[in-house]
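Residue-level structural notes
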Amino acid sequence: MIKKKERVLITGGAGFLGSHLCDRFLKEGFHVIAMDNLITGDLRNIEHLFKNPDFEFYHHDVSKYVHVPGELHYILHFASPASPIDYLKIPIQTLKVGSLGTHNLLGLARLKKCRILVASTSEVYGDPLVHPQSEDYYGNVNPIGPRGVYDEAKRFQEAMTMAYHRFHGLDTRIVRIFNTYGPRMRLNDGRVLPAFIGQALRGEDLTVFGDGSQTRSFCYVDDQVEGIFRLLMSDYHLPVNIGNPEEVTILAFAEEIIKLTGTTQKIVFKPLPQDDPKQRQPDITLAKKILDWEPKVSRAEGLRLTYDYFRALPREVLYEREYRNFDKYIY
Ligand code: UDP
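What counts as what
Residues numbered from 1 in each chain as written. Predicted model: local features only at pLDDT ≥ 70, side-chain atom pairs only at ≥ 80, totals over all residues. Heavy atoms only, no water. Helix = DSSP H or I, 4+ residues; strand = E, 2+ residues; numbered from the N terminus. Expected span 1.5 Å × (residues − 1). Buried < 20%, exposed > 50% of the residue type's maximum accessible area, 1.4 Å probe, protein only. Arc of directions from axis to C-beta. Contact = heavy atoms within 4.5 Å. 1 Å grid on protein atoms, 1.4 Å probe; cavity = no way out; pocket = protein on both sides within 12 Å on 5 of 7 lines; lining within 4 Å. Points joined across faces, edges and corners; volume = space filled by probe spheres on them. Near = heavy atom within 4 Å. Polar contact = N/O pair within 3.5 Å; in protein donor to acceptor, adjacent residues only side chain to side chain. Areas by Shrake-Rupley, 256 points an atom, 1.4 Å probe, with all protein chains shown as cover. Pairing = 2+ DSSP bridges. Axes fitted to C-alpha atoms, helices over the stretch in contact; angles between N-to-C directions. Core = buried A, V, L, I, M, F, W, Y, C linked by side-chain atoms within 4.5 Å.

With that settled, consider helix H7 (residues 250-261). Here H7 contains twelve residues, and its C-alpha end-to-end distance of 16 Å stays within 8% of the 16 Å for a straight helix at 1.5 Å per residue. Restricting attention to buried positions, one finds in H7 the residues Ile 250, Phe 253, Ala 254, Ile 257, Leu 260 and Thr 261. Buried residues along H7 cover an arc of 125 degrees about the axis, so they all sit on one side. Where H7 is buried, its residues touch helix H5 (192-202), strand E8 (206-209), strand E9 (215-217), strand E12 (247-249), strand E13 (267-270) and helix H9 (299-311). Remark: Gly 262 follows H7 within two positions and exhibits a positive phi of approximately 70 degrees.

Turning next to the side chain of Thr 207. For Thr 207, the position within the fold is in strand E8. Apart from residues lying up to four places away in sequence, Thr 207 is in contact with Phe 196, Gln 199, Val 268 and Lys 270.

A separate point is the layout of surface pockets. Counted as a void, the second largest pocket has a volume near 230 Å³. In terms of lining residues, the second largest pocket is bounded by Val 124, Glu 135, Asp 136, Tyr 137, Tyr 138, Arg 155, Glu 158, Arg 176, Tyr 236, Leu 238, Pro 239 and Leu 286.

Further remarks concern the site of the ligand. Taken together, 18 residues are adjacent to the ligand, and Thr 207, Phe 209, Arg 216, Asp 276 and Arg 280 come closest. Measuring from an oxygen atom of the ligand, one finds a backbone N or O atom of Val 192 at 2.8 Å. At 2.7 Å, a side-chain N or O of Arg 280 approaches an oxygen atom of the ligand. When the free accessible area of the ligand is taken as 520 Å², the share hidden by the protein chains comes to 96%. Among the secondary structure elements, those contributing two or more residues to the shell around the ligand are H5 and E8.

All right, on to unusual backbone geometry then. Backbone torsion omega between His 131 and Pro 132 reads -10 degrees, so that peptide bond is classified as cis. Mapped onto the secondary structure, Pro 132 falls in the loop between strand E5 (115-121) and helix H4 (148-168). Although it is not a glycine, Leu 38 adopts a positive phi angle of roughly 60 degrees. Along the chain, Leu 38 turns up in the loop between strand E2 (31-36) and strand E3 (55-59).

Reading across the sheet, the seven strands line up as E3-E2-E1-E4-E5-E6-E11 and stay open at both edges, with parallel pairing between neighbours. In this open sheet, the two strands that pair with only one neighbour each are E3 and strand E11 (240-242). Averaged over all adjacent pairs, the angle separating strand axes in this sheet is 20 degrees, with direction ignored. Packed on one face of the sheet, helix H3 (residues 91-112) meets strand E1 (7-11), strand E4 (74-77), E5 and strand E6 (172-177) and runs near 180 degrees to E4. Packing of helix H6 (residues 221-233) onto the sheet brings it into contact with E4, E5, E6 and E11, and relative to E6 it is tilted by some 160 degrees.

Further remarks concern the nonpolar core. Formed by 59 residues in total, the largest nonpolar core has its most connected members in Phe 25, Val 32, Leu 76 and Phe 78. The contact partners of Val 32, leaving out residues within four places of it in the chain, are Val 8, Ile 10, Cys 22, Phe 25, Leu 26, Asp 54, Phe 55 and Glu 56. Val 62, Ile 75, Val 97 and Leu 105 belong to the second-largest nonpolar core, a separate cluster that totals 23 residues.

The next subject is H5. For H5, the buried fraction is high: ten of the eleven residues fall into the buried class. Within H5, the full set of buried residues consists of Leu 193, Pro 194, Ala 195, Phe 196, Ile 197, Gly 198, Gln 199, Ala 200, Leu 201 and Arg 202. In this structure, the buried side of H5 is in contact with strand E7 (180-181), E8, H7 and H9. Of the residues flanking the end of H5, it is Gly 203, one or two places downstream, whose phi is positive at about 75 degrees.

Here you go:
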């Protein structure tokens, strides 16, 4: 007898992380339903999946009522703008997808009696006063600053998810994602890695914000997806950090990209954006312990794979400045 496939809904399925999750769950033998409103997501990330009979795509904004016919076994809520430039451009949409969107999906998970994992972020720690950041740190967030729309939506999302877990007994998971990179990041999303690689490929100078002494810790997407998959399949309900603890200053990172791409352009310094965290490094002791997970891909290897992807893109993509459905969704 043929076993019926388990069905998973992935919101933000046309985005960077969402599309990699679609690939992974199809590979694991699931039936995958991707949902996306395509503001920051892009069908080009999933067009290779449309011929797969176990893949479906719903063009829908999860901040509005979500309907999915049939059974669901898992929901992964990954719909959200996730770069500072994006959530500055669409602040209200960012607040809505983290709050109203999460509420809709928690409701759907109750209806379908299924497990739900929500994508949270290291931004819940704000500009952290504790280093590295472990899950028991409450954070240092400016609620009314430019990043507040993202940080507070994600903090609300965590609170709402725990409330559904405690009050309704819903089977929930929360992943706190630290800076992650890889193929399918949007070149124009303003994040530091596509910004630097895009600049190198266009023959522009690399823009380092501030003096470049702020740090980040970059996780390759395959490692991130593995951590998320293991967390979903675990029985742990409290938030878990997933990220790569290898920390680097942004200035040193720019130098790595210059070496990788062989660009002859130089580094130029621009003002540091407001509330830009000075340092960020995940403490992954918990993930190691409960998921037996740690990142495997070195930054040198991950950057090489990512650069190969960007280098192969059609040249016009290098000059796409704005995402396509922006005007439709400003509120
Ligand atoms: N950054 C930079 N130049 C750029 C884009 C970003 O120096 O062109 C810096 C930014 O100020 C921050 C770091 O790189 O300190 C990471 O920024 P990103 O937007 O990727 O994500 P964040 O970790 O701040 O959410």
